[in-house]
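Geometric and topological summary
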Amino acid sequence: MLVRYKKQGAFLDTNLLVLYLVGKYEPEFVPKFKRTAMYTEQDFHWLNEYVSQFSRIVVTPQVLAETWNFLEKINEIKFKEFIVSILPTLYEVNELYIEKDEVISAEGFSYMGITDISVILAAKSLDCLVLTDDLRAYSYFASHEVMAININHLRQV
């Protein structure tokens, strides 16, 4: 699967983008931050190693907005240091803009919402692999012909 999507890129959903950015800042902070406490430093290292094999990491503005809302929960003093530290990583992430009208008119919008529908539309547009930790979203992605990996399945292996 990696070979097929290596050139197109890996799409990180919100929770995994939060994990990726927190880990890039300070891997040992991963289990200490509320939004990433379910993960270990090893989870970050695995994710970092895995996505480094792709030509790019892709997100949508909707994913970035959700990610920012979660990251703002880092205490204020550390947040400024955190942002300065992760800016180079944010510049490397590719963003695909999906128009609001396309999102809200898409099948499943009322069920999945803005962010997950933007992920589906972006992944289909770029034919890229989606990495998620959300079982509901993973099932929906699969049922809509979006290749996705739920990393919780891989963590169990």
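A brief report on the enclosed structure follows. (Residues numbered from 1 in each chain as written. Predicted model: local features only at pLDDT ≥ 70, side-chain atom pairs only at ≥ 80, totals over all residues. Heavy atoms only, no water.)

1. Thoughts on the packing of helix 7 (residues 109-126) against helix 8 (residues 135-143)
Describing two packed helices takes the angle between their axes plus the distance from one axis to the other. Short version of the rule: Working convention: axes come from line fits to C-alpha atoms, limited for helices to the stretch in contact. Angles between N-to-C directions cover 0 to 180 degrees. Helix and strand definitions follow DSSP, with helices as H or I runs of at least four residues and strands as E runs of at least two, each counted in order from the N terminus. By definition in this entry, angles of less than 35 degrees are roughly parallel, angles greater than 145 are roughly antiparallel, angles of 65 to 115 are roughly perpendicular, and the rest are oblique. We call a crossing left-handed when the near helix sits turned anticlockwise from the far one by less than a right angle, and right-handed when that turn is clockwise. By the convention used here, residues are in contact when the closest approach between their heavy atoms is within 4.5 Å. In this classification, the charged set is Asp, Glu, Lys and Arg, the nonpolar set is Ala, Val, Leu, Ile, Met, Phe, Trp, Tyr, Cys and Pro, and all remaining amino acids, among them Gly, are polar.
Packing of helix 7 against helix 8 leaves a shortest axis separation of 11 Å and a crossing angle of 60°. By the angle between their axes, helix 7 is oblique relative to helix 8. Viewed along their axes, helix 7 and helix 8 form a crossing whose handedness is right-handed. Along the contact surface, helix 7 presents Tyr111, Met112, Asp116, Ile117, Val119 and Ile120, while helix 8 presents Arg136, Ala137, Tyr140 and Phe141. Residues that form the contact of helix 7 with helix 8 fall into these classes: 8 nonpolar, no polar and 2 charged.

2. Considering the packing of aromatic side chains
The condition that has to hold: The criterion for an aromatic pair is that two Phe, Tyr or Trp rings (for Trp, the six-membered ring) have centres within 6.5 Å, with stacked assigned to planes under 30 degrees apart, edge-to-face to planes over 60 apart and tilted to the rest. Residue burial is assigned from relative accessible area. The probe radius is 1.4 Å, only protein chains are included, and a residue is buried under 20% of its type maximum, exposed over 50%, and partly exposed in between.
One pass over the structure, following the stated rule, counts 6 aromatic pairs. An angle of 80° between the planes, with centres 5.2 Å apart, marks the rings of Tyr25 and Phe82 as edge-to-face. Of this pair, Tyr25 sits in helix 2 (residues 14-25) while Phe82 sits in helix 5 (residues 76-92), placing them 57 residues apart in sequence. The residues Tyr25 and Phe82 share a single accessibility class, namely buried. Chaining the aromatic ring pairs together yields one cluster made of Tyr25, Phe29, Phe33 and Phe82.

3. A word on the sheet that holds strand 1 (residues 10-12)
Short version of the rule: Two strands form a pair only when DSSP identifies at least two bridges running between them.
Taken in spatial order, the 5 strands make up an open sheet running 3-2-1-4-5, and their pairing is parallel. The sheet is open, and its two edges are formed by strand 3 (94-95) and strand 5 (148-150), each paired on a single side. For strand 1 and strand 2 (residues 57-59), the ladder comprises 2 bridges, and the chain directions are parallel. Bridging across to strand 2, Ala10 finds its partner in Ile57. Along the sheet, helix 2 contacts strand 1, strand 2 and strand 4 (129-132); its crossing angle with strand 1, the most-contacted strand, is approximately 95°. Contacting strand 1, strand 2, strand 4 and strand 5, helix 3 (residues 41-51) runs over the sheet at an angle of about 175° to strand 4.

4. A look at unusual backbone geometry
You will see that Asp127, though not glycine, has its phi angle at about 50°, which is positive. With respect to the helices and strands, the residue Asp127 is situated in the loop between helix 7 and strand 4. We classify Asp127 as partly exposed; its relative accessible area is 32%. Of note, Glu145 is a non-glycine position whose phi angle comes to about 60°, a positive value. Here Glu145 shows up in the loop between helix 8 and strand 5. For Glu145, a relative accessible area of 73% translates into the label exposed.

5. Notes on helix 8
Applied cut-off: The arc in question is traced by the directions running from the helix axis to the C-beta atoms. Any pair of nitrogen or oxygen atoms within 3.5 Å is treated as a polar contact; in protein, a donor-acceptor pairing is required on top of that, and neighbouring residues in sequence qualify only through side-chain atoms on both sides.
Within helix 8 the residues assigned to the buried category are Ala137, Tyr140 and Phe141. All buried residues of helix 8 project into a common sector of 100° when viewed along the axis, lining one side. Looking at where helix 8 begins, the residue whose side-chain oxygen comes 3.0 Å from the main-chain nitrogen of Arg136 is Asp134. Taken from the residues just after helix 8, Glu145 is the one with a positive phi, measuring 60°.

These values are about where atoms sit, not about what they do.
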